[in-house]
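Structure assessment
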Amino acid sequence: MKRHLPLALVPAAALAALPLVGSTPTWVTLTVAGLAMGMMIFIMASGLTLVFGLMDVMNFAHGAFISVGAYAAASVLIALRADMQAPSLAANLSAIVPAVAAAIALAGLLGWFFERVVIRPVYGDHLKQILVTMGGLIVVEQLIHVAWGPDIIPLPRPATLTGSVLLGDAAIERYRMLAVVVGLAVFAAMWLVLSRTRLGLLIRAGVENTEMVESLGYRIRRLFVGVFVAGSGLAGLGGVMWAMYQESVTASMGMQVMVVIFIVIIIGGLGSVGGCFVGALLVGLVANYIGYLAPKLALGSNILLMVLILLWRPRGLYPVGKS
Amino acid sequence: MDELLALSGVNTHIGQYHILQGVDFSVKKNSLTMLLGRNGAGKTTCLRTIMGLWRASAGKIHFQGKEITRTATPDLARLGIAYVPENMGIFAGLTVKENMVLAARGGALDERRLEWIFGLFPAMKKFWGSAAGNLSGGQKQMLAVSRAIAQPRELLLVDEPTKGLAPAIIAAMIEAFRELKRDATLLVVEQNFHFARSLGDAVAVMDSGRIVHAGAMAELAADEALQQRLLGLSLAAHQ
Ligand SMILES: Nc1ncnc2c1ncn2[C@@H]1O[C@H](COP(=O)(O)OP(=O)(O)O)[C@@H](O)[C@H]1O
Ligand SMILES: [Mg+2]
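What you are looking at is a predicted structure, and each value in this text was computed from that prediction instead of being measured. Starting afresh in each chain, residues are numbered from 1 along the sequence in its written order. By the order in which they are written, chains take letters starting at A while ligands take numbers starting at 1. Local features in this predicted model are restricted to residues whose pLDDT is 70 or higher, and side-chain atom pairs enter the listing and the counts only when it is 80 or higher, whereas totals over whole chains, interfaces and linings include all residues. Water and hydrogen atoms play no part in the side-chain values, which are based on all heavy atoms of the structure.

Here we take up the overall build of chain B. Helix and strand content of chain B: ten helices and ten strands. Here chain B has a C-alpha radius of gyration of 17 Å; the compact-globule value for 239 residues is 18 Å, and the two agree. Expressed as lengths along the three principal axes of its C-alpha atoms, the size of chain B is roughly 45 × 40 × 35 Å. Each residue is placed in one exposure class: buried if its accessible area under a 1.4 Å probe, protein chains only, is under 20% of its type's maximum, exposed if it is over 50%, and partly exposed if it falls in between. Looking at chain B as a whole, 54% of its 239 residues qualify as buried. Contact between two residues is taken to exist if any of their heavy atoms lie within 4.5 Å; hydrogens are not considered. Counting contacts in chain B only where the partners sit at least 6 residues apart, residues at least 24 apart contribute 67% of the total. For chain B, the exposed surface amounts to about 10000 Å²; the carbon and sulfur share of it is 51%. If the 26 positive side-chain charges of chain B are averaged to one point and the 22 negative ones to another, these points end up 4 Å apart. Going along the chain from the N terminus, every DSSP run of H or I of four or more residues is numbered as a helix, and every run of E of two or more is numbered as a strand. Values of the radius of gyration come from C-alpha atoms, whereas the globule rule sets the reference at 2.2 Å times the count of residues to the power 0.38. Exposure was quantified through the Shrake-Rupley algorithm and a 1.4 Å probe, taking into account, for residues, occlusion by the shown protein chains and nothing else. Within this scheme the basic residues Lys and Arg register as positive and the acidic residues Asp and Glu register as negative, but His and the chain ends are omitted. Charge positions are represented by NZ for Lys, CZ for Arg, CG for Asp and CD for Glu.

Below you can see the structure in the form of structure tokens.
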């Protein structure tokens, strides 16, 4: 019961917004937009919360994996422009699949390099982690300028994913529906791995107490590298999705979205994937409702949400018992 | 090979503090050695140093005749050393079963061994599917010990298994350890002298980061003056 209380916040927020928004079609559009935004944030944030939970590492460079993923995909998509613009789903997919694969691979590779070279020397020292990973983020941003140039790269969505479908009177962008589906798939996959496999058991145990996992004979370093690389790959995937949502790629997009990501993983409870999911959906929904109802408050809505949730549950929605 | 574990001149620093200042003692195979001493004497630090959770800055630790001073914690576990930390180290968000499954490294739990553990600690069977975080303090301690013996191990390091437990549970714990020690080697830190005297074959007493006495448990149990001097207590006061 208590476990489901935070989850119930998502439908509760949506229902509470209905009378405020007034018009049902508008509400449906806003809700789908909010869920889509939340799912993309979840994909970008999920790896970071696990990395923090497992090794107590504050990694600001996570934003770099997001940007690099987006750029890698943009390069592939620009090369395959014809397939992107063809009004055929098969043709679109033949461009998107390699683009997404490139994003995940390059972001994952960069994550692996970062873990070895940047983060490994500063385990256990939060201040150094913040300095070093912030520095890393800036260096990667500059390297992106060198490799891809300083200008914004426009990234049109594939032909079959533009436009909206009508659900009753509500217009729903196709791309947002796709984002919701992909987000749900990623969450379901993570949930299955974490709850149904021995690897997931080890990760959950490691998030609670790394020393004890080692004392039971598991080499947690290897586990951590694996999680770090997977989380970086997911950040890359989220980066492509975010870029297509914004229809452009910039080197600073990772840094910009990091603020929201930190809010989400704090709201969720550091180290909790379920909390990260609920937190991301809440942030997405609230941002869209407030953006419509009181645009002037839009900038502060995330912070307000975080303050309210932390007043209710000071260690986040699903606190992870770190000992 | 009589000595399973031997420490010689072990020093441990935690940050700037010099905690262990030359610890020498050994644990004989198939015996239960009690590590006693006042609060803050360095007992926990000693177990953590053996388990590789702190690094000795000087001295040597041998296990089964091989030096393990610099061996990493997971590798020590793979050599057959199991550790029950002072805070029990239970994975609260996992079920009792999941805690036990993790302890059976690289495979399934052995059914017969599991039955044996359920015999020692019936609560483990009863709460098999429950979240470990919901167990009582005594049950958590039982889970911590069960986890250490989920598979046969060469050496069990147990830090204060009766800490904070009610007398009835301590009695159950003593019974379980009596059964346990029949075919295991244990090094147990204890504050409860009754527990120590009932189970210990050998004893080592620490003070200020050094071993100040080592010998047979029976000898210490019989010598009240020695107890008073080493531990600041007499056995009579604790009966
Ligand atoms: N993490 C730590 N940092 C600093 N000092 C510590 C730490 N852990 C233990 N100590 C100090 O080391 C000494 C021995 O502690 P400990 O090994 O826990 O003793 P015992 O288990 O015998 O009660 C104490 O003075 C304690 O304050
Ligand atoms: Mg202690």
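Attention now goes to the site of ligand 1. Residues and elements named next belong to chain B. The nearness test applies per residue and asks whether one of its heavy atoms lies within 4 Å of the molecule or strand. The environment of ligand 1 is formed by Ile 14, Tyr 17, Ile 19, Arg 38, Asn 39, Gly 40, Ala 41, Gly 42, Lys 43, Thr 44, Thr 45 and Trp 54. Two N or O atoms form a polar contact when they lie within 3.5 Å of each other; inside protein one atom must be a possible hydrogen donor and the other a possible acceptor, and for residues adjacent in sequence the pair counts only when both atoms belong to side chains. Between ligand 1 and the protein, one listed contact pairs an oxygen atom with a side-chain N or O atom of Lys 43 at 2.8 Å. Thr 44 places a polar side-chain atom, nitrogen or oxygen, 2.7 Å from an oxygen atom of ligand 1. Taken by itself ligand 1 offers 560 Å² of open surface, and the protein chains cover 61% of this. Listing elements by their share of the shell around ligand 1, those giving two or more residues are strand E2 (17-28) and helix H1 (43-50). When residues of the shell around ligand 1 are assigned to their parent elements, the largest contribution, three residues, is made by H1. Polar here means any residue outside two lists: the nonpolar Ala, Val, Leu, Ile, Met, Phe, Trp, Tyr, Cys and Pro, and the charged Asp, Glu, Lys and Arg; Gly therefore counts as polar. Looking at side-chain class alone, the shell around ligand 1 contains five nonpolar, five polar and two charged residues.

The subject of this paragraph is the pattern of salt bridges. Pairing between side chains of opposite charge can happen when their charged atoms approach one another. We define a salt bridge as a side-chain nitrogen of Lys or Arg found within 4 Å of a carboxyl oxygen belonging to Asp or Glu. Counted under the stated rule, the structure contains 16 salt bridges over all chains. Among the ionic pairs, Glu 115 of chain A bridges to Arg 120 of chain A, the shortest N-O distance being 3.0 Å. Under the relative-accessibility criterion, Arg 120 of chain A is labelled partly exposed at 31%. Where Glu 154 of chain B meets Lys 29 of chain B, a salt bridge forms, and the shortest distance between an N and an O atom there is 3.8 Å. With Glu 154 of chain B in the loop between helix H6 (137-148) and strand E7 (155-159) and Lys 29 of chain B in the loop between E2 and strand E3 (32-37), the pair connects residues that are 125 residues apart, well separated along the chain. On the basis of relative accessibility, which here comes to 38%, the residue Lys 29 of chain B falls in the partly exposed class. Each of Glu 115, Arg 120 and Arg 221 of chain A takes part in salt bridges that share partners, so that together they form one network.

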